[in-house]
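For reference, the chains in residue letters:
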Amino acid sequence: MDLLLDNEQQQIVDATKSFVSDQLPIERLHGRDIPSSQLADDLWKGIAELGWLSMTLNEDSGGVGYSDVEECLVFRELGRMCSPPRILFTALAAKVAERSGCNELASRLARGETAAGYAAKENYGGHQSALSSRVFEYQDADYGLSMDDELAQLVDTRGVVFEPRLGLDRSVSMAISDLSDCPVVAETPVQPVHQSAVLLQAAMYVGMAEATTSMIVEYAKVRETFGKPIGSYQAVRHPCADMAIRAETARCQLFYASLVLSESEKCETSDVDLHVSSARVLAEQAACKNSDDNIQLHGGIGVTDEFTAHYFLKRAQTMRFWFATNREHLSTVLSTPMTPSR
Amino acid sequence: MNIDESTDDKLFREEARNWLMANVPRDKRPREDRSALEFDRHWQHVQFDGGWAGVNWPQKYGGRGLSGYRHMIWLQECARAGAPAPGANYTGLHHAGPTLIVCGSEDQKKEYLPAILKGEKMWCQGFSEPNAGSDLASMRTKGVIEGSEIVVNGHKTWTSNGQYADYQELVVRTDPESKRHRGLTWIICDMKAEGIESRPITTMYGKASVNDTFYDDVRLPLENVVGEIGKGWSVAMSTLSFERGTGFIDQQVKISETVERLIEIAKERRLPGGQLAIENAAIAEKLAFIKAQTLAIKSFTLSILSEIERSGQPGAEGSMMKVYVTTVHKHLFELASEVIGPEFIEYGDDPATNEWAFEFLYSWVYTIAGGSNEIQRDIIADRVLELPRAR
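All values reported here derive from a predicted model rather than from experimental measurement.

Comments concerning helix H1 (residues 7-23) of chain B
Residues and elements named next belong to chain B.
Here's step 1: Spanning 17 residues, H1 covers 24 Å between terminal C-alpha atoms, matching the ideal 24 Å at 1.5 Å per step.
Here's step 2: Among all positions of H1, only Asp9, Phe12, Arg13, Ala16, Trp19 and Leu20 are buried. In a view along the axis of H1, the buried residues occupy a sector of 135°, so they form one face of it. When the buried face of H1 is taken as reference, the exposed residues oriented beyond 90 degrees from it are Thr7, Lys10, Leu11, Met21 and Ala22.
Here's step 3: Packed against the buried residues of H1 are helix H2 (33-49) and helix H3 (68-80).

Concerning the packing of aromatic side chains
Here's step 1: One pass over the full model with this rule turns up 25 aromatic pairs over all chains.
Here's step 2: Taking 5.0 Å as the distance between ring centres and 90° as the angle between the ring planes, the aromatic pair formed by Tyr112 of chain B and Tyr167 of chain B counts as edge-to-face. Placement of the pair is Tyr112 of chain B in helix H5 (residues 106-117) and Tyr167 of chain B in strand S4 (residues 167-173), with a sequence separation of 55 residues.
Here's step 3: Through pairs of rings, three or more aromatic residues link up here, namely Phe89, Tyr118, Phe136, Trp322 and Phe323 of chain A.

Some thoughts on the packing of helix H7 (residues 248-266) of chain B against helix H8 (residues 281-311) of chain B
Residue and element names in this part refer to chain B.
Here's step 1: The interhelical angle for the contact between H7 and H8, taken along N-to-C directions, is 160°, at an axis separation of 10 Å. Between H7 and H8, the crossing angle belongs to the class labelled roughly antiparallel. For H7 against H8, the interelement crossing comes out left-handed. Taking contact as the criterion, the partners of Ile249, Gln252, Ile255, Ser256, Val259, Glu260, Leu262, Ile263 and Ala266 in H7 are, on H8, Leu287, Ile290, Lys291, Thr294, Ile297, Lys298, Thr301 and Leu305.
Here's step 2: In terms of residue class, the contact of H7 with H8 is made up of 10 nonpolar, 4 polar and 3 charged.

Some points on unusual backbone geometry
Here's step 1: Positioned with a positive phi, Glu137 of chain A is a non-glycine residue whose angle comes to about 60°.
Here's step 2: With relative accessibility at 0%, the residue Glu137 of chain A sits in the buried group.
Here's step 3: Despite not being glycine, Trp158 of chain B shows a phi value in the positive range, around 60°.
Here's step 4: The topology assignment puts Trp158 of chain B in strand S3 (residues 149-160).

Points about the sheet that holds strand S6 (residues 174-178) of chain A
Hydrogen bonds along the backbone pair up the strands of a sheet, which may run parallel or antiparallel.
All names here are of chain A.
Here's step 1: The 7 strands are arranged S5-S6-S2-S1-S3-S4-S7 in an open sheet whose pairing can be described as mixed. The open sheet has two edge strands with one neighbour each: strand S5 (163-165) and strand S7 (184-189). Here the strands of the sheet are splayed against their neighbours by 25° on average, with no regard to which way each runs.
Here's step 2: In this sheet, S6 lies alongside strand S2 (residues 132-136) in antiparallel orientation, the contact comprising 5 bridges. By the bridge assignment for S6, Val135 is matched with Ala175.

Quick notes on the rules
Residues numbered from 1 in each chain as written. Chains lettered and ligands numbered in written order. Predicted model: local features only at pLDDT ≥ 70, side-chain atom pairs only at ≥ 80, totals over all residues. Heavy atoms only, no water. Helix = DSSP H or I, 4+ residues; strand = E, 2+ residues; numbered from the N terminus. Expected span 1.5 Å × (residues − 1). Buried < 20%, exposed > 50% of the residue type's maximum accessible area, 1.4 Å probe, protein only. Arc of directions from axis to C-beta. Contact = heavy atoms within 4.5 Å. Phe/Tyr/Trp six-rings, centres within 6.5 Å; stacked < 30°, edge-to-face > 60°. Axes fitted to C-alpha atoms, helices over the stretch in contact; angles between N-to-C directions. Parallel < 35°, antiparallel > 145°, perpendicular 65-115°, else oblique. Left-handed = near helix turned anticlockwise from the far one by under 90°. Nonpolar A, V, L, I, M, F, W, Y, C, P; charged D, E, K, R; others polar. Pairing = 2+ DSSP bridges.

Function cannot be read off these values alone, since they describe shape.
Encoded structure:
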């Protein structure tokens, strides 16, 4: 039993951190007319070469052969910079392709030769038709990943008419579309794909919770009011401590859940959903609350467009509509029993 | 990273489970103070005789010399078997013992450690004073060195079990010129020594064993000093780091058990109008969130244990743990009120009359004792976040 990173895992974290801060700094999001999903081709290829789209795939599909644990570490780093979710959706699409036996498609996705968006069914019983989906990162994507109670599917979205929607988070392209006539190119039982999706989403949330904590902590060391750094006032330092606690507890549960998920691939375990959904609800709360506190404690500068704090808030809100809602995950947590040996 | 329990760990768990099944006392802890203490002593002694006292203490002093992880397995199995809590042995097992293991002399270890594990000697704490709680370093209780003795005069407070304990972990100011953290000395105080008076403090949860302790020319031998004279602050801080780091394994295990129990109760209790508590969306969501938090407490505990395995001692993360566990504890017992209904407020000033109400009221002991959560947040800001000091 050990919840600390080993040397190889630390190297993965360091390498990811250095690439992300160099190539995908949060400041890239400035200038709202440039959707960041339009990643430069060579950057997208570079990301594929690093193996981020194929961490857990077999070597046959061009994979790196790591476990969910290492994949989680990468996506936590990606979360710190509100990285393009196209990376997440394409990595998940490659898993669906591989699990469906479409190794060729899996390796094309893994190599970054194509990309996938995420299509969430708009099942809210309102004005939208029951067939319509809200598609995230639809731009430059050839495929749409969707999940229902039974299946995870990849559909070919080329030639589909998208109704673009402007969103809170301008770095994520969003559109409404009816994908029901799109050809299904791969499908597989939903459970393992959904678990992996939720875990990686939680990993990004943890990265965001940690990044917002660091952001305000650094500012609190230098910004002065009443002749003293604001970090010396308990009205500021105590909420900072609470931010750190939320991030740290969510991180520990994330690591634990990633180990449980990775173990479940070797032997039958019944509590994967319990741990993964717990990680998600804690990480989501940590990211949402920390991005809120980060803006509040910055004061006026926090709400300006030229500052980066608002990107975390907007991304955190946008992500809440991916891979089931907080409420659905809470229901899973309540109804899934603990395994006695844990 | 891995969560595999080794074959040895599994065998240890099974061994613990079997032993507990055969040895956990069937009768409940008595309500009357003296008999409750006898019960605690007896249970501790039974554990010692069975070879289960001090799982992670050195073998030389009666422990089993195993890892912190094994200690956690033992506590988990204790909770599963419904074994009694350490009760009046808590301070000895979680404070004084670990402090002596790290800072005590060989003679002190030999004399005091086995007696704690056998349940023969009980300890209480003597840190806080009426004007030195959160600001512990402002303590004024005097210790004057006279020949081979230290003569103590002053007033300590919040002394749990002070009227029954054999020894006290006492911190006194031995250098009258000193300020704040300097000039303090950590000394073992014999509670039967002449000049000590305990006066009980009545608390909001009713019958309790917290006391004010007064010292009138109490003479303690110099050989009772733990660590060096004048270096008592660092000894006291190591005492507290055990409480904040690993002392919470107990509480972690207990909280997960309680959440599971409350969920079971919610499946049977009905709300006004006839709906089952668990079917109420607001209650269900709060129960689920607290359940997720208890899983995080456990993962966090494992992370801290891994850190201790690697570096030898708990870091400032213990302060994060303290704030988190005690806050979740309070929320859990607030929620119990919604699930249980009006019976929750039936209380006869004694834990035995309603453990839910008692634990609810006791939440504030957890969030205040051992360094209030406000002090913990300052520690986190100073040591983890390295923010500019508040004072």
